[in-house]
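Residue strings, one per chain:
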Amino acid sequence: MELWALSRVLFTVKKVLDRFLPALAWKRLGDYLHETQLLLSIQSTLYWDQNTRMPVEGASWRGEQLSLLAKKLHARQSSTQLESLLTDAKIECSQALGLAELGPFTVSDLSRNIELLKQDLERQKKIDPELVGRLAISKAEGYELWQKARAMSDFSMFAPALSNLISLRKEQARQLAEDRSCWETLAQPFEPDITLKRLKELFDPLRRRLPELLRQATELEPFQSSKWDLSEASQHELCEHLLDCWGRDGNSTALAKSPHPFSITLGPKDFRLTTRIVSGQPLSCFLATAHEWGHSLYEQGLSLNRVNWFGWPLGQPTSMALHESQSLFWENRVARSYEFSERFWPYFAKAGAPLNRGLELWRAMNPLTPGANRVEADELTYGLHILIRTDLEIALLEQGLPVEDLPYEWNRRYRELLGVTPKDDGEGCLQDVHWSEGQFGYFPSYLLGHLISAQLSNAMNKALKDIGLEGQDSIGECIRSGQEKILLSWLRKEVHPHGRKMNAEALVKQVSGSNLSSSPFLSYLENKIEMLTTFT
C-alpha cells in the first residue's frame, strides 16, 4: 500500500475511534454498575429469605454470607477502578459525546449520575472494610437475637447486641468524618441533606399540636360496635383482592408473611412484599398490605426509568421519607378513606365481618385511639410514636443514654405522650426491627412521609380538579368509583420518575409549589376529626 494511502486509512480510523471510543466510557461504567447491582440483588434476596423462610438455625451461616457480600460490595463501591470509570465518563459527558447510545437522557441527567456516584464513592472510601464485615455479621446476629428477645419479651437478651450495633455505627460516623453530628451522618443514606435543625423545624409544630388533637379525639362519642376478628385465610383473601383491585401484576410481584411487614425489590421486574396476621386485629394485615403495596408501587414506578438506569442513582429512590409518603398515601389517604370503606365493606362482610354499611368499616379503620404499637397506630397517634423513637435514638447515639435504660425511658415517654404503658418489652421497645439491623436515622422518615404525603395529596387534588374531575375532593371521587389508576397515573408522572435527581424537599416544592410544612398534614387530621364528629 502506498504511504499516502496508509496515512489516509490511519487518519480515517483515528477519526472513527475519536468519535466512538469515548462512548465506551459510559458503557464500561454501566457494565460495572450492573454487576454491582447484581450483587446487591443477591444481598436483598438473602434478606428476603432471612425474613420469610429461613430457619432460625441458619442465622449464623447467613451472617457469614452477608458479611462476605458486604465486603465485596464495599470493595467495588470504593475501588480505584470505579474512580477511573467515573473520571472517563465525566470527560465524555463534558464533551457531550455518545449520547445517542444512552437513550432519551439529558447531559444534566448524566452529570447528576456522576455527581452522586462520586459522592457515594467518597463515602465508601472512608469506611474500613473490616468495619463493613463486622457490621454485616452484627446485623444478622442482632436480628436473630431481636426475634428471640421479642418472643420472650425480654430486652436483656437483645441489649448486648444493640450496644454493639450502636458502637459500630458510632465508629462508622467517626470514619466518615462529615461536618454533621453522629445521628445526622447515619441518617444521610435514608434522608439526604437532613439536619437536626431542619427536623426540629418540621417536628416542633407536631409536638405542640398532636397531643391537643389527641385530646379532642378522645372526647369523641365512642362508636358502638362489637368486637370481631377474621380467619387468617379470610384476611389473606382480602389482601389478595385489594392488590388485584390496585393493579397487581402477579408475574412480577409476590406476597409473603414475615414478623415485620416490609417491601423489597430484587430486580427490575421482581417486587416482593410481606404482611402479617395479628390475632384480634382483623384490619392489621389489610392495612399493612396497603402500606407495603404503596412502597412497591413507588419502586415499580422507578423501574419504568430503570430500563436504562437500574443500578444508577437516578433509578434509586429519592429518599425514604418520599418512599414512606407513597406507602402512607395508599394506606391512609386511600384505604382509610370513607369512600374506600363505602366501596369495600361488602367484601369484609362476605369474609365474615359483622358489617352492614361502609360507615362501620370506616370507623373501624379510623379508631384514633392511643395504643402501644406503632404499626397498628392510627394516623393521629402515629406521629407521637415516631417522635418518641426519634428522641430515643438521638439520645442513644449522641446524649449518652445507657442501653440498659431504654425500656424505662421508652415506657416513661409513652405514658407522658400517649397516656399508655406497654405491658412488657415485646409490646414496648422490642416491637420494631430497625435497631436490630443497625438502622439508626430511619424513624423520622415515617413522620416526614406523613407530611410529604399530605402536601402531595393537596397538589394532586388540585391537579385533578384542573383537568375536570368533579367534586371538592377529586381524590375521594376516584376512590369511590374504583378509579385509583387515575391517582397512580398522576404519581407516575409527578413523583415516581425522578429518582435521586433531587432531594425530597426539592421534589415536594417542585410538585406543590411550596416548601415542606407540617400544616397540610395537621389540616388533614383536623378535617378527619371533624368528619368523625359528624359521622357518629
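Rules and cut-offs
- Residues numbered from 1 in each chain as written.
- Predicted model: local features only at pLDDT ≥ 70, side-chain atom pairs only at ≥ 80, totals over all residues.
- Heavy atoms only, no water.
- Axes fitted to C-alpha atoms, helices over the stretch in contact; angles between N-to-C directions.
- Helix = DSSP H or I, 4+ residues; strand = E, 2+ residues; numbered from the N terminus.
- Parallel < 35°, antiparallel > 145°, perpendicular 65-115°, else oblique.
- Contact = heavy atoms within 4.5 Å.
- Nonpolar A, V, L, I, M, F, W, Y, C, P; charged D, E, K, R; others polar.
- Pairing = 2+ DSSP bridges.
- Phe/Tyr/Trp six-rings, centres within 6.5 Å; stacked < 30°, edge-to-face > 60°.
- Buried < 20%, exposed > 50% of the residue type's maximum accessible area, 1.4 Å probe, protein only.
- Lys NZ or Arg CZ within 6 Å of the ring centre and 35° of its normal.

(A) Spatial organisation of the packing of helix α9 (residues 196-218) against helix α18 (residues 444-466). One can describe the packing of α9 onto α18 by two numbers: an axis separation of 11 Å at closest approach and a directional angle of 70 degrees. Classified by the angle between their axes, α9 and α18 sit roughly perpendicular to one another. Taken together, the residues of α18 that come into contact with α9 (itself represented by L199, L202, F203 and L206) are P444, L447, L448 and L451. Its residues placed into classes, the contact of α9 with α18 shows eight nonpolar, no polar and no charged.

(B) Representation of the sheet that holds strand β3 (residues 270-275) in the model. Taking strand neighbours across the sheet as the criterion, the three strands line up as β1-β3-β2 in an open arrangement whose pairing is mixed. In this open sheet, the two strands that pair with only one neighbour each are β1 (253-257) and β2 (263-267). Strand-to-strand twist in this sheet, taken as the mean axis angle between neighbours without regard to direction, amounts to 25 degrees. Bridge count for β2 against β3 is four bridges, and the pairing is antiparallel. Note that in β3 the partner of S263 across the bridge is L273.

(C) The arrangement of the packing of aromatic side chains in detail. All chains considered together, the criterion is met by 22 aromatic pairs. Note on F155 and F158: the rings are 6.3 Å apart at their centroids and 80 degrees apart in plane angle, and the pair reads as edge-to-face. Here F155 and F158 have matching classes, each one buried. Feature note: the residues F190, Y382, W410, Y414, W435, F440, Y442, F443 and Y446 constitute an aromatic cluster, connected by ring pairs. Above the face of the Y32 ring, R76 is positioned so that its terminal group lies 4.0 Å from the ring centre.

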